[in-house]
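# Structural overview
Here is what each chain is made of, one letter per residue.
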Amino acid sequence: MKKECVLVAGGAGYIGSHTTVELIEAGYDVVIADNLSNSEMRAVEGVRKITGVDVPFVQVDCCDKEAFRQLFEQYTFDSAIHFAASKAVGESVEKPMLYYRNNLLSLMNLVELMHEYGRHHLVFSSSCTVYGEPDKQPVTELTPRKEATSPYGNTKQISEDILRDTVKAWPEMKAIALRYFNPIGAHPSALIGELPRGVPQNLVPYVTQTAAGIRKCLSVFGDDYPTPDGSCIRDYIDVTDLAKAHVKAIDRMVGGKNKAGYEVFNVGTGRGVSVLELVKGFERVNGVKLNYKIAPRRAGDIIAIWADPTLANEELGWRAERTLDETLASAWRWQQSLK
Ligand code: UFG
């Protein structure tokens, strides 16, 4: 039987590369499209090594519709996953047009080309950022979306709206938006992981680089929040677990189970962990001492957010499996492999 093929746009990136591995292990064929603007071929090579499959890679900018069209002419696939977007919250405040252009144009081109070529299943990388600062924890998919606090967050809200409206207009099209909480960690093989460019903006890469001596000291942004230990709370989801949620979403559409046409799922563990808990957990699990200090609050930070993943558990048949300890160990193994 011919395998289903999935286009992974942004497949050389952090979550895209892990998802490609899980798709292949679940029996899908994959073609990766990536412009390598914030990713590296070593991720594609890592994927090939882990899976033993010579995954096709096409260097293309999804914002260039005519170039992107060539890929549709060349490859047959029925499903696509859209990871090809910019993701730094702070940068999006400095360069809003870059974010609106990259994130929205790439999605619109993908959706229009899929419609034109009769390819009907799309999974979209959304974010818990669409909830803003929630009034109640944990957040469910019915928790109201609040006004976005950054252009990045706004692109995720607008993208979700684009998909909702498109699926309404083109009922043959099916789309699932996965609202990621905080993805961390690396593949157990340590052959792929996060490759931040320059100074990491996110907590775990900063932690691992500090442990490795690349950064002198981790700043914990705020210890005076109204939380049990005063630091912010997040729902840290293992990247391999997160990758598996994409496979479940594709399975659901291929199996014709998403009757609603457009669906949204939270992808988190359901457990809130504070910054200080994570830092101490990293030290304990990996037997390393982290040089850290308490620093002022970071502008724009949400105090606390964690997921209610019940819908994904029940409808997608997905749940987070790796423990935080396993994930923090994988993050450290990956950092050490970069020496
Ligand atoms: N933090 C530190 N020190 C650091 C970096 C982060 O204390 O050096 C803290 C932050 O203040 C925050 C927590 O660690 O309390 C997590 O911060 P991250 O930057 O790792 O993640 P965010 O929750 O800010 O952002 C992430 C993704 C976004 C996404 C957002 C949704 O990076 O893409 O979650 O809330 F939109």
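Let me sum up the structure you'll find in this document. (Residues numbered from 1 in each chain as written. Predicted model: local features only at pLDDT ≥ 70, side-chain atom pairs only at ≥ 80, totals over all residues. Heavy atoms only, no water.)

### Observations regarding the site of the ligand
- Taken together, 20 residues sit near the ligand, with Asn202, Leu203, Ser219, Arg234 and Asp301 positioned nearest.
- Between the ligand and Asn182, the relevant distance is 2.9 Å, taken from an oxygen atom to a side-chain nitrogen or oxygen of the residue.
- A distance of 2.8 Å separates an oxygen atom of the ligand from a polar backbone atom of Leu203.
- Out of a free accessible area of 680 Å², the ligand has 90% covered by protein chains.
- For the shell around the ligand, the secondary structure elements donating two or more residues are helix H7 (203-211) and strand E8 (218-221).
- By residue number, the principal contributor to the shell around the ligand is E8, which donates four residues. (Near = heavy atom within 4 Å. Polar contact = N/O pair within 3.5 Å; in protein donor to acceptor, adjacent residues only side chain to side chain. Areas by Shrake-Rupley, 256 points an atom, 1.4 Å probe, with all protein chains shown as cover. Helix = DSSP H or I, 4+ residues; strand = E, 2+ residues; numbered from the N terminus.)

### Describing the side chain of His121
- Structurally, His121 can be placed in strand E5 (residues 121-127).
- Separated by 2.9 Å, the side chains of His121 and Asp78 make a polar contact.
- The residues contacting His121, other than those within four sequence positions of it, are Asp78, Ser79, Ala80, Met114, Lys174, Met253 and Val254. (Contact = heavy atoms within 4.5 Å.)

### Quick notes on the packing of aromatic side chains
- Applying the stated criterion across every chain, the model contains four aromatic pairs.
- Between Phe68 and Phe72, the aromatic rings sit 5.5 Å apart at their centres with planes inclined by 80°, giving edge-to-face as the arrangement. Residue Phe68 and its partner Phe72 are both found in helix H3 (residues 65-74); the two are separated by four residues, about one turn of the helix. Phe72 matches Phe68 in its accessibility class, with the two residues each being buried.
- Relative to Trp332, the ring of Phe282 has its centre 5.9 Å away and its plane inclined at 75°; by these criteria the two rings are edge-to-face. Linking Phe282 in helix H9 (residues 275-286) with Trp332 in helix H11 (residues 324-337), this pair joins segments that are 50 residues apart in sequence.
- Residue Phe282 is classed as buried on the basis of its relative accessible area, which comes to 0%.
- Grouping aromatic residues by their ring pairs yields a cluster made of Phe68, Phe72, Phe77 and Tyr117.
- In this structure, Arg119 packs its charged tip against the face of Phe77, placed 4.6 Å from the ring centre.
- In this structure, Arg297 is placed above the aromatic ring of Tyr225, and the distance from its NZ or CZ to the ring centre is 4.0 Å. (Phe/Tyr/Trp six-rings, centres within 6.5 Å; stacked < 30°, edge-to-face > 60°. Buried < 20%, exposed > 50% of the residue type's maximum accessible area, 1.4 Å probe, protein only. Lys NZ or Arg CZ within 6 Å of the ring centre and 35° of its normal.)

### Let's talk about the environment of Val21
- Take Val21: it is sitting in helix H1 (residues 14-25).
- Residues Val21 and Ala243 lie 222 residues apart in sequence; the distance between their C-alpha atoms is 8.3 Å.
- In this structure, Val21 is in contact with Val47, Ile50, Thr51, His187 and Ile192, ignoring residues within four places of it in sequence.

### Some points on unusual backbone geometry
- A cis amide bond, omega -10°, links Gln137 with the succeeding residue Pro138.
- Tracing the backbone shows Pro138 in the loop between E5 and helix H6 (151-169).
- With a phi angle near 60°, Leu36 is a residue other than glycine that sits in the positive phi range.
- When you line up the elements, Leu36 lands in the loop between strand E2 (29-34) and helix H2 (41-51).
- Residues other than glycine seldom take positive phi values, yet Ala190 does so here, at roughly 60°.
- As for its placement among the helices and strands, Ala190 is situated in the loop between strand E7 (182-184) and H7.

Interpretation note: all reported values are geometric properties and have no functional meaning in isolation.
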